[in-house]
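Residue-level structural notes
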Amino acid sequence: NLHFHGLYVSGELPSDDATIVVEPGQTFDYSTTLPVDHHPGLHWLHPHRHASTALQVGGGAAAAIIVKDPDESEASVVVPRIYTHDARQIVMVIQPILVNKLNRLAQ
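The structure contained in this document is the topic of the report that follows. The shown structure was predicted, so the numbers you read here are calculated from the model rather than taken from an experiment.

1. A closer look at the overall build of the protein chain
- When its secondary structure is counted, the protein chain shows 3 helices and 3 strands.
- When its helices and strands are written in sequence order, the protein chain yields β-β-α-β-α-α.
- Taking all 107 residues of the protein chain together, the buried fraction comes to 19%.
- Here the analysis covers contacts within the protein chain between residues at least 6 apart in sequence; of these, 58% occur between residues at least 24 apart.
- Only carbon and sulfur atoms are counted for the fraction: they give 55% of the accessible area of the protein chain, which is about 8500 Å².

2. A look at the environment of Ser31
- Topologically, Ser31 is positioned in the loop between strand S1 (2-5) and strand S2 (41-47).
- For Ser31, a relative accessible area of 43% gives the class partly exposed.
- For Ser31 and Ser15, which are 16 residues apart along the polypeptide, the C-alpha to C-alpha distance reads 5.4 Å.
- Setting aside residues up to four positions removed in sequence, Ser31 forms contacts with Pro14 and Ser15.

3. Comments concerning the nonpolar core
- Within the largest apolar cluster, 6 residues are counted, these being Phe4, Leu7, Val9, Leu45, Ile65 and Val67.
- In this structure Val9 touches Phe4, Ser15, Asp16, Thr32, Thr33 and Leu34, once residues within four positions along its chain are discounted.

The rules behind the values
- Residues numbered from 1 in each chain as written.
- Predicted model: local features only at pLDDT ≥ 70, side-chain atom pairs only at ≥ 80, totals over all residues.
- Heavy atoms only, no water.
- Helix = DSSP H or I, 4+ residues; strand = E, 2+ residues; numbered from the N terminus.
- Buried < 20%, exposed > 50% of the residue type's maximum accessible area, 1.4 Å probe, protein only.
- Contact = heavy atoms within 4.5 Å.
- Areas by Shrake-Rupley, 256 points an atom, 1.4 Å probe, with all protein chains shown as cover.
- Core = buried A, V, L, I, M, F, W, Y, C linked by side-chain atoms within 4.5 Å.

Laid out in structure tokens, this is it:
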């Protein structure tokens with residue numbers, strides 16, 4: 001199952017219900033609606049299988065979610081064109097993978 005951090009979403013299915021079990025090989029379609037006044041920012045999600053969360057997240061199972069500010073327009077950001085021509089944003093999720101610690105958790 002998935003668990004969201006930073007998002008104000010329902011804790012019931014089909015959204016952020018940390019009690020659902022999706023077995024290997026099974027699928028589940030999550031549907032999460034954000035309020036129109038939700039705060040913008042970079043948030044994250046991860047699997048939330050009880051007794052396995054640390055192992056899964058520590059092994060790299062996490063993702064970023066960007067909530068854009070609806071009031072922010074390109075015109076409000078003043079950056080010389082030389083720096084923005086063909087520029088694109090890339091979101092990187094960087095986390096340490098502590099193999100020895102993960103090995104102890106897995107045993």
